[in-house]
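Spelled out, the chains give:
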Amino acid sequence: MNPLVTIVITSYNYGSCIGDAIRSALDQTYKHIEVLVLDNASTDNSVEVVRSFTDARIRLVTRPETIGIQRNHNDGIKEAKGDFIVFLSADDMLLPTLVEDVLDYRAKHPDIDIVYASAIIMDGEKHFSGYFDQPSFDGAETYYGRHEFASLLTRDSAMYLPTILFPRHVFEELGPMNETLEIVLDYEYGIRMASAGKRFAFISRPGALIRFHGENRSGVKNFVKTGKQIREFCSLLTWYTEPKYHQQLAGWRRELEAMVENKIREFQTPFPQEFALQQGELQPLIDTARASIAAVPAIGDAVLRGEGVISVVMPFSGRIGPFQRSLLSLQAQNYDRWEAVVVADSTFDPSDVIAHMGMSEKVRVSSLRSRHGINHARNLGIGGATGEIVAYLDEGNCFAPEHLTTLAAAFARPSTQVTIASSRLVITSAKDEALVAVPIASGTRAAPVSRVSNRLPLNAVAHRRSCLSAAGGSFNRQLGVLDDWEFLLRLSAGFAFTPVESTVDTCVRVVPLDHPVFGRRDTRGWTEFGSLVNDIHKAYPAHDAAEAAAQAQYAAGLQAIINRGVAGYGSPDEIAEFALGVLGMTPATVATA
């Protein structure tokens, strides 16, 4: 297959830089292209620059009068002969492998409709000044499959037009770009494609050079300060929160509301006088958007029927055996409406393992460029989740077969926001021999998460997606291995935890040294762990004197473990004692758990 790719270059008075844009198109490593230049009645030397090129793949269309950027793009769709279409502004440039990279990715992932890439930012003098990246996929090599519709509506777009190869059939299916929008017509088209169920993929390798020279139509001066940003975003949010989209957006109301307030703040804070002058004109648009968003349901119909999609976030650090054990527990579930979102932390892509287990349709994988930690992987997993209900499953841990069914039934009750399952701590040896298997006390209904120690497994907790913004966001990347504890403390501060009758096994494989917490044998690492415990004790002080005493007792016990030397725990009994001590549990507390 050798599809023709049309690179549409739109230009108006860019004679100083259109030559660079054309050369960047001609220099593509993929050669079966045409370069369609649409000059929008320029009054400078733009046309002369274009005609100075003699490559037969270039086709120039000139206008007798300016027709606007919107119509110029749509005319490019009509004029293009290619199977794929790329839009390039005359002041930007493509990187040489963009077309080849995207086509290669599409060939390997035929289920994907739209592929886009990151971009490099330049100033007016073509000096490097940073990257445009997909913030939801920070550090990801590739990522696909998330709830792109809701994500686009609740964040600024990171889909950069010059990096997208649009299949021609998408325009035939969904129509041309919206000419009532002046600036965000490409953003709107991304939302339109997502609302129609198109699947997207992101490639972190930069595909274009975007030039910021102060006169960009989408820059602060021409977009934000003029009020156009609020006008166009309020239009988008009003259009795409109509009743026909409600089920796709169920559970996202809080984030949609925040989007409106962010756009108001971005205008009002730096430009208070301009905002005051335009507020009378803008307020009806803002009020209309707010009213439309307010009608978006907090809970989807499928969830209320007990049939909602449950997204299981699974970090992967390369521990194949434990990872397979966790996947098998998902495979054994008697509830079918689940997906697993795996984020591989720079070790290797586990897709072949997943395919061998016959789980590719239910399990999606993203790979990170470098090690970022389990908390970062969890955050990316949440960004890729499509379900309203979010659960977590770490390598080696297992859900009981009825676990997801139990969750679905619990969340069918509108009052349920967070669930907590029964859990067991299973400590195993290097040969996977069970050393200890004990129930973990989950605290009281009023205080389900201990402020003393990190004993409640994250995997025993599930929540509605909408809880995240109310709880102040997802996992704190500064807290390392205790990010789950701090997250659960935040979650418990805002929501009651509903107990469910199911069991989660937290498997701690202490030997060899491959467990992210208990496999640590260096004293320095455990000293840092102790310091983080103290930080959380300060951030979440005890409710009463008894709890304060328990915090102090736990901190002292943990320090005793560190002083003894973690490597000194060798026998099975000592390993079990060590793990229980780190969790703030003793044989006595276990017996009464």
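These remarks concern the structure in this document. From a predicted model like this one, the values you see are computed outputs, not experimental measurements.

### Regarding the overall build of the protein
Part 1 of the argument: If you tally the helices and strands in the protein, you get 23 helices and 19 strands.
Part 2 of the argument: Here the contacts in the protein between residues at least 6 apart in sequence split such that 78% fall between residues at least 24 apart.
Part 3 of the argument: On the protein, roughly 24100 Å² of surface is accessible, and the fraction owed to carbon and sulfur atoms is 53%.

### Focus on the packing of aromatic side chains
For any pair of aromatic rings, the description rests on two quantities: the centre-to-centre distance and the angle between the ring planes.
Part 1 of the argument: Here the structure, examined in full by the defined rule, presents 15 aromatic pairs.
Part 2 of the argument: With a centroid separation of 5.5 Å and an interplanar angle of 55°, the aromatic rings of Phe149 and Tyr245 are classed as tilted. Here Phe149 is found in helix H5 (residues 148–154), whereas its partner Tyr245 is found in the loop between helix H9 (228–239) and helix H10 (246–249), with 96 residues between them in sequence. Grouping residues by exposure puts Phe149 and Tyr245 together as buried.
Part 3 of the argument: Seen from their ring centres, Phe316 and Phe323 are 4.7 Å apart, and the 55° between their planes marks the pair as tilted. Taken individually, Phe316 and Phe323 each receive the classification buried, so the pair is uniform in this respect.
Part 4 of the argument: Aromatic ring contacts, followed pair by pair, group Phe87, Phe166, Phe171 and Tyr189 into a single cluster.
Part 5 of the argument: A cation over an aromatic ring shows up here: Lys263 above the ring of Phe233, its NZ or CZ 4.5 Å from the ring centre.

### Things to note about the pattern of salt bridges
Part 1 of the argument: Per the stated rule, a full pass over the model turns up 25 salt bridges.
Part 2 of the argument: Here Arg59 makes a salt bridge to Glu79, at a shortest N to O gap of 3.4 Å. Of this pair, Arg59 sits in strand E3 (residues 58–62) while Glu79 sits in helix H3 (residues 69–79), placing them 20 residues apart in sequence.
Part 3 of the argument: Judged by its relative accessible area of 31%, Glu79 falls in the partly exposed class.
Part 4 of the argument: Residues joined in a network through salt bridges with shared partners are Arg63, Arg71, Asp75 and Lys78.

### Quick notes on the side chain of Gln551
Part 1 of the argument: Here Gln551 shows up in helix H21 (residues 545–564).
Part 2 of the argument: For Gln551, a relative accessible area of 9% gives the class buried.
Part 3 of the argument: A distance of 3.5 Å separates a polar side-chain atom of Gln551 from the backbone oxygen of Tyr540.
Part 4 of the argument: Sequence-distant contacts of Gln551, that is, excluding residues within four places in its chain, are made with Arg451, Val452, His537, Tyr540, Pro541 and Ala542.

### Regarding the sheet that holds E3
Part 1 of the argument: Across the sheet, five strands lie side by side as E3-E2-E1-E4-E9; this open sheet has mixed pairing. Each of the sheet's edge strands pairs with one partner strand only, and the pair in question is E3 and strand E9 (166–167).
Part 2 of the argument: Alignment of strand E4 (residues 84–89) against E9, held across two bridges, turns out to be antiparallel. Its bridge partner being in E9, Ile85 is matched across the sheet by Phe166.

### Here we look at helix H12 (residues 272–294)
Part 1 of the argument: In this model, H12 (23 residues) spans only 27 Å end to end at C-alpha, well below the 33 Å of a helix rising 1.5 Å per residue.
Part 2 of the argument: Along H12, the sharpest change in direction is near 65° and occurs at Gln279.
Part 3 of the argument: Taken as a whole, H12 has its buried residues at Phe275, Gln278, Leu282, Ile286, Ala289, Ser292 and Ile293.
Part 4 of the argument: Those residues of H12 hidden inside the fold are in contact with H9 and helix H11 (253–268).

### Comments concerning the pairing of strand E16 (residues 418–428)
Successive side chains on a regular strand alternate, one facing one side of the sheet and the next facing the other.
Part 1 of the argument: The buried fraction of E16 is high, at nine of eleven residues.
Part 2 of the argument: Pairing of E16 with strand E18 (residues 461–464) involves three bridges; the strand directions are antiparallel. If you follow Val418 over to E18, its bridge partner there is His463.

### Regarding the nonpolar core
Part 1 of the argument: Counting 56 residues, the largest nonpolar core has Phe87 and Met193 as its most contacted members.
Part 2 of the argument: Sorting elements by how many residues they give to this core places helix H7 (residues 185–195) first, with six residues.
Part 3 of the argument: Excluding residues within four positions of it along the chain, Phe87 makes contact with Val8, His73, Ile77, Leu161, Pro162, Phe166, Phe171 and Met177.

### A look at the environment of Thr416
Part 1 of the argument: Along the polypeptide, Thr416 turns up in the loop between helix H17 (403–411) and E16.
Part 2 of the argument: By relative accessible area, Thr416 is classed as buried at 1%.
Part 3 of the argument: With 80 residues separating them in the primary sequence, Thr416 and Ala496 have C-alpha atoms 8.1 Å apart.
Part 4 of the argument: When near neighbours in sequence (up to four residues on either side) are disregarded, Thr416 contacts Ala410, Phe411, Arg464 and Thr498.
Part 5 of the argument: Of note is the side chain of Thr416, whose polar atom sits 3.0 Å from the backbone oxygen of Ala410.

### Quick notes on the packing of H11 against H12
Part 1 of the argument: As a packed pair, H11 and H12 sit with axes 10 Å apart at the nearest point and diverge in direction by 175°. Judged on the interaxial angle alone, H12 and H11 are roughly antiparallel. Within the contact between the two elements, H11 uses Arg253, Leu256, Glu257, Val260, Glu261, Ile264, Phe267 and Gln268 and H12 uses Pro272, Glu274, Phe275, Gln278, Leu282, Ile286, Ala289, Arg290, Ile293 and Ala294.

### Topic: the environment of Glu361
Part 1 of the argument: For Glu361, the location among the structural elements is in the loop between helix H15 (351–356) and strand E13 (363–368).
Part 2 of the argument: Given the relative accessible area of 83%, Glu361 is considered exposed.
Part 3 of the argument: Placed 22 residues apart in sequence, Glu361 and Glu339 show a C-alpha to C-alpha distance of 8.6 Å.

### Quick word on helix H16 (residues 374–384)
Part 1 of the argument: Burial runs high along H16: ten of the eleven residues are buried.
Part 2 of the argument: Of all the positions in H16, only Asn375, His376, Ala377, Arg378, Asn379, Leu380, Gly381, Ile382, Gly383 and Gly384 are classed as buried.

Criteria and thresholds
- Residues numbered from 1 in each chain as written.
- Predicted model: local features only at pLDDT ≥ 70, side-chain atom pairs only at ≥ 80, totals over all residues.
- Heavy atoms only, no water.
- Helix = DSSP H or I, 4+ residues; strand = E, 2+ residues; numbered from the N terminus.
- Contact = heavy atoms within 4.5 Å.
- Areas by Shrake-Rupley, 256 points an atom, 1.4 Å probe, with all protein chains shown as cover.
- Phe/Tyr/Trp six-rings, centres within 6.5 Å; stacked < 30°, edge-to-face > 60°.
- Buried < 20%, exposed > 50% of the residue type's maximum accessible area, 1.4 Å probe, protein only.
- Lys NZ or Arg CZ within 6 Å of the ring centre and 35° of its normal.
- Salt bridge = Lys/Arg side-chain N within 4 Å of Asp/Glu carboxyl O.
- Polar contact = N/O pair within 3.5 Å; in protein donor to acceptor, adjacent residues only side chain to side chain.
- Pairing = 2+ DSSP bridges.
- Expected span 1.5 Å × (residues − 1).
- Bend = angle between axes of the 7 residues up to and from the residue.
- Core = buried A, V, L, I, M, F, W, Y, C linked by side-chain atoms within 4.5 Å.
- Axes fitted to C-alpha atoms, helices over the stretch in contact; angles between N-to-C directions.
- Parallel < 35°, antiparallel > 145°, perpendicular 65-115°, else oblique.

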